Amino acid sequence: MKRKRVVLVQANTAYGRHVTRGIIRYAATQGGWEFLYKGNAADSKVLFKAVAAAEWWADGIVGHFIDKQFLSHVQKLDVPAVNVSSWFTDAKPVRVHTDEHAVGRAAAEYFIEAGVRSFAYWGYQFGAYSQQRCEGFVSTIAVAGHKCEVIDSTIIEGMTRGQWMDTEEQLGRRISRMQKPVGMLCVNDMVAREVLWLAERLGLRCPDDIAVLGVENDELACSVCLPPLSSVELAATQIGYEAAAMLDRLMAGEAPPVQPMLIAPIGVVTRQSTDIAAIANADVRDAVRFIRKHAHEPIDVSDILRAIPISRRALEMRFKRFLRRTPRQQIQYERVQIMKKLLFETDLSIAQVAARAGFSSPSLAWVIFRRLTGLGPKAYRQRLL
């Protein structure tokens, strides 16, 4: 078997490492792949060596092309190439990456489901993905009849540290004047951590005043935030696998596709930074909080009615008005959120996960989980690996 020599250039992030895992997984299924790995996609010296290796040694190159000069060099190479980054929208080389508009939609739907009615997006001008995430977020919110404050925190060349801090505080005060709670999507986890820090300085409570959501779900970084940061989980391992498969086809002589391959995000991983029930009606808000607290137990609507002094009909009507679902559907929704967390964080069997989430049987859990996520629990977990 002829060996396939591939240059692999990755971003030094949790997302980049998961993409690399997917690439290696595909290569293992094929056999005969040999890699030259470069682990910092923003280092000019690393990129110089990557281009040289691609010219003189490699059969193909795959990775994060986030440097414009490096991208231009890759575009001139006479070897197949696949870009797993959405920093640029260049048609060449072939792109396999996250559906960034879907990231924004998922975040907006998540906040709307929680009853949030005041929204903000915190991003920056560089990187096409920031604009696309913003567009997906803002457009979904607009369809629901709401508006979104867009914050640009791009650091201007020559800006001092003091000027940057003053600018950030001015932007933060714009958020302070908004109706509370504010559901804020940040372009990535790094920016979200800065927003949490800024909110603390301004005396904004998280999540009561501002519910902060990042993107990429760097588990370690999210866990050390105060409060722990919720984040949109990207299907990074799947992106890596599909990118490697695409490169394999190109190295075999197949013509490159005209359009990029876009992979939808997995969904929101909830931690304390967005753990809110922001519903305007007190009865519905209290009912949702009760459900979240007891969803892992064998509760039904009658248990909610014993805790909330309201008639069943009134509760049903108010749920449909404010959340567009019934109390029973809310119980199912919260149990699915528990399942997502357990599927991501543990190696428990599907049956064990279903039981811990409060479902009476694995088969019922499978039906409800697939209805709400579009995937069965096993398929959902495989996208995380």
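Our subject is the structure listed above.
In short, a report on the structure.

How each quantity is defined
- Residues numbered from 1 in each chain as written.
- Predicted model: local features only at pLDDT ≥ 70, side-chain atom pairs only at ≥ 80, totals over all residues.
- Heavy atoms only, no water.
- Helix = DSSP H or I, 4+ residues; strand = E, 2+ residues; numbered from the N terminus.
- Rg over C-alpha atoms; globule rule 2.2 N^0.38 Å.
- Buried < 20%, exposed > 50% of the residue type's maximum accessible area, 1.4 Å probe, protein only.
- Areas by Shrake-Rupley, 256 points an atom, 1.4 Å probe, with all protein chains shown as cover.
- Salt bridge = Lys/Arg side-chain N within 4 Å of Asp/Glu carboxyl O.
- Contact = heavy atoms within 4.5 Å.
- Phe/Tyr/Trp six-rings, centres within 6.5 Å; stacked < 30°, edge-to-face > 60°.
- 1 Å grid on protein atoms, 1.4 Å probe; cavity = no way out; pocket = protein on both sides within 12 Å on 5 of 7 lines; lining within 4 Å.
- Points joined across faces, edges and corners; volume = space filled by probe spheres on them.
- Nonpolar A, V, L, I, M, F, W, Y, C, P; charged D, E, K, R; others polar.
- Pairing = 2+ DSSP bridges.
- Axes fitted to C-alpha atoms, helices over the stretch in contact; angles between N-to-C directions.

### What about the overall build of the protein chain?
Here comes step 1: Along the backbone of the protein chain there are 16 helices and 12 strands.
Here comes step 2: Against the globule reference of 21 Å for 385 residues, the protein chain gives a C-alpha radius of gyration of 23 Å, in line with a compact fold.
Here comes step 3: In terms of its C-alpha atoms, the protein chain occupies a principal-axis envelope of roughly 75 × 55 × 35 Å.
Here comes step 4: Looking at the protein chain as a whole, 52% of its 385 residues qualify as buried.
Here comes step 5: Here the protein chain has roughly 18,400 Å² of accessible surface; of this, 52% comes from carbon and sulfur atoms.

### Brief notes about the pattern of salt bridges
Here comes step 1: This structure, assessed with the given rule, holds 13 salt bridges.
Here comes step 2: Put simply, Glu254 and Arg249 hold a salt bridge, and the shortest N to O gap is 3.6 Å.
Here comes step 3: On the basis of relative accessible area, Glu254 is assigned to the partly exposed category, the value being 45%.
Here comes step 4: Relative accessible area serves as the criterion here: at 30%, Arg249 is assigned to the partly exposed category.
Here comes step 5: Between Arg306 and Asp303 there is a salt bridge whose closest N-O contact spans 2.6 Å. Within this pair, Arg306 and its partner Asp303 are both found in helix α11 (residues 301–307), separated by three residues, close to a single helical turn.
Here comes step 6: Residue Arg306 is classed as exposed on the basis of its relative accessible area of 64%.
Here comes step 7: With a relative accessible area of 21%, Asp303 lands in the partly exposed category.

### Side note on the environment of Lys68
Here comes step 1: Tracing the backbone through its elements, the reader meets Lys68 in helix α3 (residues 68–76).
Here comes step 2: Using a relative accessible area of 45% as the deciding quantity, one classes Lys68 as partly exposed.
Here comes step 3: As for Lys68 and Val9, which are separated by 59 residues in sequence, their C-alpha atoms are 14 Å apart.
Here comes step 4: Leave out the neighbours within four places in its chain, and Lys68 touches Phe88 and Asp90.

### Digging into the packing of aromatic side chains
Here comes step 1: Overall, the coordinates contain 10 aromatic pairs when judged by the stated rule.
Here comes step 2: Both rings, one in Trp87 and one in Tyr129, keep their centres 5.7 Å apart while their planes meet at 50°; by these two values the pair is tilted. Within this pair, whereas Trp87 is found in the loop between β4 (81–83) and β5 (94–98), its partner Tyr129 is found in helix α5 (residues 128–143), the two being separated by 42 residues in sequence.
Here comes step 3: What makes Tyr129 buried here is its relative accessible area of 6%.

### Things to note about the layout of surface pockets
Here comes step 1: Of the volumes computed, that of the second largest pocket is approximately 630 Å³.
Here comes step 2: As for the second largest pocket, its lining consists of 28 residues, of which Thr270, Asp275, Glu334, Gln337 and Lys341 are closest to the centre.
Here comes step 3: Sorting the residues of the lining of the second largest pocket by element identifies α4 (100–113), β12 (267–269), α10 (282–294) and α13 (327–345) as the ones contributing at least two each.
Here comes step 4: The biggest single contributor to the lining of the second largest pocket is α13, with eight residues.

### Quick look at the environment of Leu375
Here comes step 1: Of note, Leu375 is situated in the loop between α15 (362–373) and α16 (377–384).
Here comes step 2: Along the backbone, Leu375 and Ile266 are 109 residues apart, and their C-alpha atoms lie at a distance of 9.8 Å.

### Thoughts on empty space enclosed by the protein
Here comes step 1: Evaluated as defined, the whole model comprises two cavities of 30 Å³ or more.
Here comes step 2: Here the largest cavity is characterised by a volume of approximately 50 Å³.
Here comes step 3: If you trace the largest cavity, you find it lined by Trp122, Gly172, Ile175, Met184, Val195, Leu198, Ala199, Leu202, Leu204 and Ile210.
Here comes step 4: Going through the elements one at a time, α6 (161–176) and α7 (189–201) are the ones with two or more residues in the lining of the largest cavity.
Here comes step 5: Take the lining of the largest cavity: its biggest share by element is three residues, from α7.
Here comes step 6: When its residues are assigned to classes, the lining of the largest cavity shows nine nonpolar, one polar and no charged.

### Examining the sheet that holds strand β2 (residues 33–38)
Here comes step 1: What the six strands build is an open sheet, ordered β2-β1-β3-β4-β5-β11; its pairing is parallel. Each edge of the sheet is formed by a strand with only one pairing partner; in this case those strands are β2 and β11 (261–263). Each strand of the sheet is rotated relative to its neighbour by a mean of 20°, with strand direction disregarded.
Here comes step 2: Strand direction decides the pairing type here: strand β3 (residues 60–63) and β4, joined by three bridges, are parallel. In the strand pairing of β4, Ile61 is matched with Ala81.
Here comes step 3: Against the sheet, helix α1 (residues 14–30) touches β1 (4–9), β2, β3 and β5, its axis set at about 165° to β2.

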